[in-house]
Amino acid sequence: MYIPEHCPNPQCENYQAPPGTRWYRKIGQYHTHTFGSVPRFKCRSCHTGFSKQTFSINYYSKRELDYRYIIRQINACAGIRNIAHDLQVKPEAITNRINRLARNAVLANQCIVDLLPFDEDLVLDGLENFCVSQYFPDNYTIMVGKDSQFVYDCDYTTLRRKGRMRPDQKRKRALLEVIFKASTKGVESSFRRLLCSLSERQPERELPLILYTDDKSDYERVLWNTKEFKERVYTGGWRHHKTNSKEGRNTQNPLFPVNYIDREIRKDMASQTRETVQFPRNVSNAMLRMNLYLFDHNTRKPYRINNPVKRKLRHAQAAGLARQDLDRITKGFFEKRFFRKRGQSLSESAMKTLQRQWVTPLREKPERLWKYLDA
Ligand SMILES: [Zn+2]
């Protein structure tokens, strides 16, 4: 017999670790075409009604698709339309399933980060692409462990189109900018958000934490113009190390961890490949997909391919997570709908991704937050 794990209402006392099985009542069942008979329950404390489906990754969906197949395809450079064609569904159905997995990925990654010791240095860098059209280039800033290549967090910003343009392209840019103009401080804001969440989480450590970046002046401005960060640099808690972006991109380069992940992303994700027709059309979907990819990198890809011992390790373990914790956190990833732990602090970027708060250029209405994500 199915036993619900907890009440789905975050305000209820039975939301986390309810006692025994006396906290709910069984109130019958309903029949669905896809999932058969589904038992229904009611919480004795807050009287919220829920069913077995509330805790399933298929909550609110009318059709079962193979999640493992979808993630394998999407992380092997397949386009959403290709996958939809294979499974004989609409492309929207695939995006919907990717977003469900991605939501689990964001929550699980935060659980992992909460357990990490932060005893390695960090590398931060941006990956440029575009969304909607070439007139809206963008930048994904990722924060990576220098030794573990574990991706701690990822942020996003739209940039202003720069570089050489023909006169007609300049006119078009001016026209588009009447509707949407990217902030010139986008990279700074992205970097600041990442450092804020780092500053909140990072425990005390004896040696200074070194932040490796390239020589973009945006990074330096954030460090020196934010009181909290400036203090950390002054007191020796943080150190900033800049690398000239012209330097050879080999393993000796301090930015190797991000260069390596950039290369992996370009290789594995159709939407991030250069000169492609499969570019993202919606920023919130793009960020969900990116988070799903990075989670897969953190928890499933071998830490090192050529070393028989390190081959068994995952990047999350290299960053200091115990194997049993990794197994516990990722358990049920493809079957369960993950819930946010009570009181769990999420990074600003993770919050924006979960709530679809990223702004897509030229989009008139704000994003609709569908019920599944609103938890
Ligand atoms: Zn309840």
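As the structure is a prediction and not an experimental result, all values here were calculated from the model. (Residues numbered from 1 in each chain as written. Predicted model: local features only at pLDDT ≥ 70, side-chain atom pairs only at ≥ 80, totals over all residues.)

**Brief notes about the overall build of the chain**
Here comes step 1: A count of helices and strands for the chain gives 12 helices and 8 strands.
Here comes step 2: Its C-alpha radius of gyration of 22 Å places the chain within 12% of the 21 Å reference for a compact globule of 375 residues.
Here comes step 3: Along the first, second and third principal axes, the C-alpha atoms of the chain reach 65 × 55 × 45 Å.
Here comes step 4: Sorting the 375 residues of the chain into buried and exposed places 34% on the buried side.
Here comes step 5: By sequence separation, contacts in the chain at least 24 residues apart represent 65% of the contacts at least 6 residues apart. (Helix = DSSP H or I, 4+ residues; strand = E, 2+ residues; numbered from the N terminus. Rg over C-alpha atoms; globule rule 2.2 N^0.38 Å. Buried ≥ 20, exposed ≤ 12 C-beta atoms within 10 Å, placed from the backbone. Contact = placed C-beta atoms within 7 Å.)

**Comments concerning the pairing of strand 1 (residues 24–32)**
Here comes step 1: Sheet topology note: the strand 1/strand 2 (residues 36–43) ladder contains 7 bridges and is antiparallel. Bridge assignment links Tyr24 to a residue of strand 2, and that residue is Cys43.
Here comes step 2: Two successive antiparallel strands, strand 1 and strand 2, enclose a turn made up of 3 residues. (Pairing = 2+ DSSP bridges.)

**Brief notes about the environment of Arg103**
Here comes step 1: Mapping Arg103 onto the fold places it in helix 3 (residues 91–115).
Here comes step 2: Sequence-wise, Arg103 and Asn306 are 203 residues apart; in three dimensions their C-alpha atoms are separated by 32 Å.

**Some words on the domain arrangement of the chain**
Interfaces are often described in size by the accessible area the parts lose on coming together.
Here comes step 1: The domains assigned to the chain are domain 1 (1–55) and domain 2 (67–354).
Here comes step 2: A straight line from the C-alpha centre of domain 1 to that of domain 2 covers 35 Å.
Here comes step 3: Tallying the contact residues gives 4 residues for domain 1 and 4 residues for domain 2. (Domains from an automatic or database assignment.)

**Overview of helix 8 (residues 256–268)**
Here comes step 1: In this model, helix 8 (13 residues) spans 18 Å end to end at C-alpha, consistent with the 18 Å of a helix rising 1.5 Å per residue.
Here comes step 2: Listed as buried for helix 8 are Pro257, Val258, Ile261, Asp262 and Ile265. For helix 8, the buried positions fall inside an angular range of 135° around the axis, keeping them on one side. Exposed residues pointing more than 90 degrees away from the buried face of helix 8 are listed as Arg263 and Lys267.
Here comes step 3: On the buried face of helix 8, the contacting elements are strand 4 (122–130), strand 5 (137–145), strand 6 (151–158) and helix 9 (283–299). (Expected span 1.5 Å × (residues − 1). Arc of directions from axis to C-beta.)

**Some words on the sheet that holds strand 3 (residues 49–51)**
Here comes step 1: The strand order across the open sheet formed by 3 strands is 1-2-3, and the pairing between neighbours is antiparallel. Strands at the two margins of the open sheet, each flanked by one partner only, are strand 1 and strand 3. Within this sheet the neighbouring strands show an average axis-to-axis angle of 30°, counted without direction.
Here comes step 2: One ladder, built from 3 bridges, connects strand 2 with strand 3; its direction is antiparallel. By the bridge assignment, Phe41 is partnered in strand 3 with Phe50. (Axes fitted to C-alpha atoms, helices over the stretch in contact; angles between N-to-C directions.)

**Description of the sheet that holds strand 8 (residues 238–243)**
Here comes step 1: Taken in spatial order, the 5 strands make up an open sheet running 6-5-4-7-8, and their pairing is mixed. Two strands close off the open sheet at either side, each with one partner strand: strand 6 and strand 8. Strand-to-strand twist in this sheet, taken as the mean axis angle between neighbours without regard to direction, amounts to 25°.
Here comes step 2: Here 9 bridges tie strand 4 to strand 5, and the two strands are oriented antiparallel to one another. Residue pairing in the sheet places Leu122 in a bridge with Gly145 of strand 5.
Here comes step 3: Contacts from helix 9 reach strand 5 and strand 6 within the one sheet, and its direction differs from that of strand 6 by about 160°.

**So, unusual backbone geometry**
Here comes step 1: Phi at His47 is positive, roughly 60°, even though this residue is not glycine.
Here comes step 2: Its location among the elements puts His47 in the loop between strand 2 and strand 3.
Here comes step 3: The backbone phi angle of Tyr60 is positive, close to 70°, even though this residue is not glycine.
Here comes step 4: Tracing the chain through its elements places Tyr60 in the loop between strand 3 and helix 1 (67–74).

**Remarks on the packing of helix 1 against helix 3**
Here comes step 1: Put simply, helix 1 and helix 3 touch, their axes get as near as 10 Å, and they point 95° apart. Viewed along their axes, helix 1 and helix 3 adopt a mutual orientation that is roughly perpendicular. Across from Tyr67, Ile70, Ile71 and Ile74 in helix 1, the residues of helix 3 making contact are Ile94, Arg97, Ile98 and Leu101.
Here comes step 2: Residue composition of the contact of helix 1 with helix 3, grouped by class: 7 nonpolar, no polar and 1 charged. (Parallel < 35°, antiparallel > 145°, perpendicular 65-115°, else oblique. Nonpolar A, V, L, I, M, F, W, Y, C, P; charged D, E, K, R; others polar.)

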